[in-house]
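# Understanding the architecture of this molecule
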Amino acid sequence: MALRKLVAGNWKMHGVSADLAEIAAIADASRRYLGVDVALCVPAILIERAARAAPGFAIGGQDVHHAERGAHTGCTSSQMLLDAGARLTIVGHSERRDAQRESDSDVKAKSTAALSCGLAVILCVGERLEVREQGAAVPTVLAQLDGALPERSASGAELAIAYEPVWAIGTGKIPTTAEIAEMHAAIRAKLVERYGDGGAGIRILYGGSVKGSNAAEIFAVDNVDGALVGGASLKASDFIPIVEAAAGV
Ligand code: PGA
């Protein structure tokens, strides 16, 4: 079953007022591709302005706290993201798993809280290079999913999984299409085991060094239902060719 593709940009710690015009340009250009869902996940402080600059376009956060409110200095709740105009959030990005020492159970709490609040979730998983070299990439990623998938059942409109090999993020290296196919098939089987038929409708994005020049080849792989794009999402001229590739398959 071919699912409608989702191409989401992850702006990471990039973006100030001067970049709102670029966000508007990406939103405008994306409207030409009616068959593809497009979103930009921007720094929390930019969400409200980005949502105003791009009315009707999906703006998201990059992380969320699991609690509704409370004594959590510097953190952002699901309700705050929604209130600012976000429709979705990334959880469990490997940069946060590394730098903020987020565990699978933290990611599970975040994904459960965000979905309960009405935010869609892109939940990231992915192995490190040494794990792939040891031949343990698939079981490692499936264990991450076991630990991090939300408690409640989730539909394809609410939840997407992003498979992002850590060694492919920002490096220009990508797995072979056979490696992507193997991992995405294993993730699909896990989602169906967990959510029954609903698991067949949950999109599985590939992330890590996706560019206009490699997107079509990646999107042609079975069970690749879109992409999570970092560096190449910052400029419309780099990002829109990826959206176009998603529209073409
Ligand atoms: P990249 O980042 O596209 O720059 O490799 C992807 C990501 O971290 O989501």
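Here, residues in each chain are numbered from 1, in the same order as that chain's written sequence. Given that this is a predicted model, residues contribute local features only at a pLDDT of at least 70 and side-chain atom pairs are listed and counted only at 80 or more, while totals for whole chains, interfaces and linings are drawn from all residues. Based on all heavy atoms of the structure, the side-chain values leave hydrogens and waters out of the count.

## Here we look at the nonpolar core
Among buried residues, those of type Ala, Val, Leu, Ile, Met, Phe, Trp, Tyr and Cys that are joined through side-chain atoms within 4.5 Å constitute a nonpolar core. Here's how the labels work: a residue is buried when its accessible area is under 20% of the maximum for its type, exposed when over 50%, partly exposed in between, all with a 1.4 Å probe on protein chains only. I23, L123, I161 and I187 are the most contacted members of the largest nonpolar core, which has 68 residues in total. For this core, the element with the most residues is helix α10 (residues 236–247), which contributes 7 residues. Beyond its immediate chain neighbours, meaning those up to four positions away, L123 contacts V91, V107, S111, A148, L149, P150, L159, A160, I161 and A162. Secondary structure elements are defined from DSSP: runs of H or I of at least 4 residues count as helices, runs of E of at least 2 residues count as strands, and each element is numbered from the N terminus. Two residues qualify as a contact provided that any one of their heavy atoms is within 4.5 Å of a heavy atom in the partner residue.

## Some points on the pattern of salt bridges
For this document, the term salt bridge refers to a Lys or Arg side-chain nitrogen within 4 Å of an Asp or Glu carboxyl oxygen. If you walk through the whole model with that rule in mind, you get 17 salt bridges. For E95, the salt bridge goes to K12, with nearest N and O atoms at 2.8 Å. Linking E95 in helix α4 (residues 94–99) with K12 in the loop between β1 (5–10) and α1 (20–30), this pair joins segments that are 83 residues apart in sequence. Overall, E95 belongs to the partly exposed group, its relative accessible area being 35%. According to the relative accessible area criterion, K12 is partly exposed, its value standing at 22%.

## Side note on unusual backbone geometry
Even without glycine at this site, K12 takes up a positive phi of about 50°. Positioned with a positive phi, R101 is a non-glycine residue whose angle comes to about 55°. As for its placement among the helices and strands, R101 is situated in the loop between α4 and α5 (104–117). The class for R101 is exposed, based on a relative accessible area of 71%.

## What to know about the site of the ligand
What makes a residue near a molecule or strand is one non-hydrogen atom of that residue sitting within 4 Å of it. In the neighbourhood of the ligand, 13 residues make up the surrounding shell, with K12, H93, E164, G170 and S209 lying closest. Throughout this description, a polar contact denotes any pair of N or O atoms lying within 3.5 Å of each other; where both atoms belong to protein, one of them has to be capable of donating a hydrogen while the other can accept it, and for residues adjacent in sequence the pair is counted only when both atoms sit in side chains. Take G170: an N or O atom from its main chain is 2.7 Å from an oxygen atom of the ligand. Within the backbone of G231, one N or O atom sits 2.9 Å away from an oxygen atom of the ligand. For the ligand, the protein covers 95% of the area, taking 280 Å² as the surface of the free molecule. Tallied by class, residues from the shell around the ligand come to 4 nonpolar, 7 polar and 2 charged. Areas reported as accessible are Shrake-Rupley estimates using a 1.4 Å probe. Residue values count occlusion only from the protein chains shown. Under the grouping applied here, Gly and all other residues not named as nonpolar or charged are polar, the nonpolar ones being Ala, Val, Leu, Ile, Met, Phe, Trp, Tyr, Cys and Pro and the charged ones Asp, Glu, Lys and Arg.

## Description of the packing of aromatic side chains
When the centres of two rings from Phe, Tyr and Trp lie within 6.5 Å, Trp using its six-membered ring, the rings pair. Their planes under 30 degrees apart give stacked, over 60 give edge-to-face, and anything left gives tilted. For the coordinates displayed, the defined rule picks out 1 aromatic pair. On the numbers, 6.2 Å between centres and 65° between planes, the contact of Y163 with Y206 is edge-to-face. Here Y163, found in strand β6 (residues 159–163), pairs with Y206, found in strand β7 (residues 203–207); they are 43 residues apart in sequence, far enough to count as distant. We classify Y163 as buried; its relative accessible area is 0%. A residue is classified by how much of its surface remains accessible, and Y206, at 0% relative accessible area, is buried.

## Remarks on the packing of α1 against α10
When two helices pack together, their arrangement is given by the angle between their axes and by how far apart the axes lie. Lines fitted to C-alpha atoms define the axes, with helix axes restricted to the stretch in contact, and inter-axis angles between N-to-C directions lie between 0 and 180 degrees. Orientation of α1 relative to α10, taken along the N-to-C sense of each, is 25°, at an axis distance of 10 Å. Here α1 is positioned roughly parallel relative to α10, judged by the angle of their axes. Where α1 crosses over α10, the handedness of that crossing is right-handed. Listed contacts from α10 to E22, A25, I26, A29 and S30 of α1 are A236, F239 and I240. Of the residues that constitute the contact of α1 with α10, the class distribution is 6 nonpolar, 1 polar and 1 charged. In this scheme, roughly parallel covers angles under 35 degrees and roughly antiparallel covers those over 145, while 65 to 115 is roughly perpendicular and the rest are oblique. Crossing handedness follows the turn of the near helix against the far one: under a right angle anticlockwise gives a left-handed crossing, and clockwise gives a right-handed one.

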